[in-house]
Amino acid sequence: FVVYGVSAQVSIGDLFIGGIVPGILCGLVLMGYCYYRSRKEGWHGETRKRTAATVGKAFWDAKWALMVPIIVLGGIYGGIFTPTEAAVVAVVYSVLIGKFVYKELDGKTLYECLRTTGLINGATEFMIGLSMAFASYLASLAHSPFILLMVINVFLLVIGCFVDNIAAVIILTPILLPVVKTIGIDPIHFGLIITVNLACGFISPPYGINLFVASAISGESIESI
């Protein structure tokens, strides 16, 4: 939302407010399915008493990681640095915390992060050309809001499978936003559409970065996930 808000020149606060209902709906659907599947398969989690004290301890243990959004949003809203500078600050902070506090980052992991970033940036160069051609095609569909939104949704779902959502938002917003504006679609509404669609790509191969996160947390193989 922050990246889209800067790219589209719309209120980031309005985007956050607009995302409350879709976010709650997505969360409820995921929770409902997990509950149904767990009951069906007989799966059980840890049997532990949950109290305000245990929740507070969990927040305290995660305090260094939770500082990232506070630093980013606080710095932007406070006028301390620009969104681009905020990204740099967040990266440096995350590397330092990961290396010296959580002790989970080593040279090999850092190299892999840099290599992946290079590959993503390389892929986005090709996407710029594709997006420009796609925008021209969408202009011919501008007379039908329904068809236009359906085509954009499918396009974003496919793009999300191959490209990081931050890079995709930066590239696609200036290209697609003028097209949807011509048929009266609100930029805040479109921001929700583009964000949720690209998020679906986070669990879709071959990119599916959240699949790797789930694998690391659960211990399941990336193939089975």
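Check the entry above for the structure.
Remember, predicted model here, so these are calculated numbers, not experimental data. (Residues numbered from 1 in each chain as written. Predicted model: local features only at pLDDT ≥ 70, side-chain atom pairs only at ≥ 80, totals over all residues. Heavy atoms only, no water.)

**Student:** Describe the overall build of the protein, with residues and values.
**Tutor:** The number of helices and strands found in the protein is eleven helices and zero strands. The order of helices and strands in the protein, counted from the N terminus, is α-α-α-α-α-α-α-α-α-α-α. Summarising its shape, the C-alpha atoms of the protein cover approximately 55 × 45 × 35 Å along the three principal directions. For the protein, with 225 residues in total, the buried portion stands at 29%. Residue pairs at least 24 apart in sequence account for 60% of intrachain contacts in the protein once pairs closer than 6 positions are excluded. For the protein, the computed accessible surface area is about 14500 Å², with 71% contributed by carbon and sulfur atoms. Considering the protein, the positive charge centre built from 13 side chains and the negative charge centre built from 13 side chains are found 10 Å apart. (Helix = DSSP H or I, 4+ residues; strand = E, 2+ residues; numbered from the N terminus. Buried < 20%, exposed > 50% of the residue type's maximum accessible area, 1.4 Å probe, protein only. Contact = heavy atoms within 4.5 Å. Areas by Shrake-Rupley, 256 points an atom, 1.4 Å probe, with all protein chains shown as cover. Lys, Arg positive; Asp, Glu negative; His and termini not counted. Charge placed at Lys NZ, Arg CZ, Asp CG, Glu CD.)

**Student:** An account of the packing of aromatic side chains is needed here, citing residue identities and associated values.
**Tutor:** Any aromatic ring pair is given by two values, namely how distant the centres are and how the planes are angled relative to each other. Under the counting rule described, the total for this entry stands at one aromatic pair. Residues Phe-1 and Phe-16 carry aromatic rings whose centres are separated by 5.9 Å and whose planes lie at 55° to one another, so their mutual orientation is tilted. Of this pair, Phe-1 sits in the segment before helix 1 (2–8) while Phe-16 sits in helix 2 (residues 12–18); the two residues are 15 residues apart in sequence, bridging distant segments of the chain. Above the ring of Trp-60, the side-chain terminus of Lys-63 is found at 4.2 Å from the ring centroid. (Phe/Tyr/Trp six-rings, centres within 6.5 Å; stacked < 30°, edge-to-face > 60°. Lys NZ or Arg CZ within 6 Å of the ring centre and 35° of its normal.)

**Student:** Can you tell me about the packing of helix 8 (residues 145–160) against helix 10 (residues 187–200), naming the residues and giving the values?
**Tutor:** Angle between the axes and distance between the axes: these two values describe a pair of packed helices. Closest axis-to-axis distance for the helix 8/helix 10 pair is 7 Å, and the angle between their directions is 40°. The way helix 8 lies across helix 10 gives a crossing that is right-handed. Residue-level inspection shows Leu-149, Ile-152, Asn-153, Leu-156, Leu-157, Ile-159 and Gly-160 of helix 8 in contact with helix 10, the latter providing Phe-190, Ile-193, Ile-194, Asn-197, Leu-198 and Cys-200. Split into classes, the residues belonging to the contact of helix 8 with helix 10 amount to ten nonpolar, three polar and no charged. (Axes fitted to C-alpha atoms, helices over the stretch in contact; angles between N-to-C directions. Left-handed = near helix turned anticlockwise from the far one by under 90°. Nonpolar A, V, L, I, M, F, W, Y, C, P; charged D, E, K, R; others polar.)

**Student:** Tell me about the pattern of salt bridges, residues and numbers included.
**Tutor:** Applying the stated criterion across every chain, the model contains three salt bridges. Among the ionic pairs, Arg-37 bridges to Glu-41, the shortest N-O distance being 3.2 Å. In this pair, Arg-37 and Glu-41 both sit in helix 3 (residues 20–41), four residues apart, roughly one turn of the helix. In this structure, the salt-bridge partner of Lys-57 is Asp-61, at a minimum N-O distance of 3.0 Å. In this pair, Lys-57 and Asp-61 are both assigned in helix 4 (residues 52–61), four residues apart and thus about one turn of the helix distant. With a relative accessible area of 42%, Asp-61 lands in the partly exposed category. (Salt bridge = Lys/Arg side-chain N within 4 Å of Asp/Glu carboxyl O.)

**Student:** Describe in detail a nonpolar patch on the surface, supporting the description with residues and values.
**Tutor:** On the surface, Ile-17, Ile-20, Val-21, Ile-24, Leu-25, Leu-28 and Met-31 cluster together into a nonpolar patch covering about 730 Å² of accessible area. Looking at the nonpolar patch element by element, the count peaks at six residues for helix 3. Summarising the element assignment, Leu-25 is placed in helix 3. (Patch = residues over 30% accessible without salt bridge, like charges linked within 9 Å, V, L, I, M, F, W, Y side chains within 5 Å.)

**Student:** Can you explain the packing of helix 9 (residues 165–181) against helix 10? Please cite residues and give values.
**Tutor:** For the pair helix 9 and helix 10, interaxial distance at closest approach is 10 Å and the crossing angle is 140°. Judged by the angle between their axes, helix 9 and helix 10 are oblique. Judged by the sense of rotation from one axis to the other, the crossing of helix 9 with helix 10 is right-handed. When helix 9 is examined against helix 10, the residues Asn-165, Ala-168, Val-169, Leu-172, Thr-173, Leu-176, Leu-177, Val-180 and Lys-181 are found in contact with a partner set consisting of Pro-187, Phe-190, Ile-194 and Leu-198. Classifying every residue of the contact of helix 9 with helix 10 by side-chain character gives ten nonpolar, two polar and one charged. (Parallel < 35°, antiparallel > 145°, perpendicular 65-115°, else oblique.)

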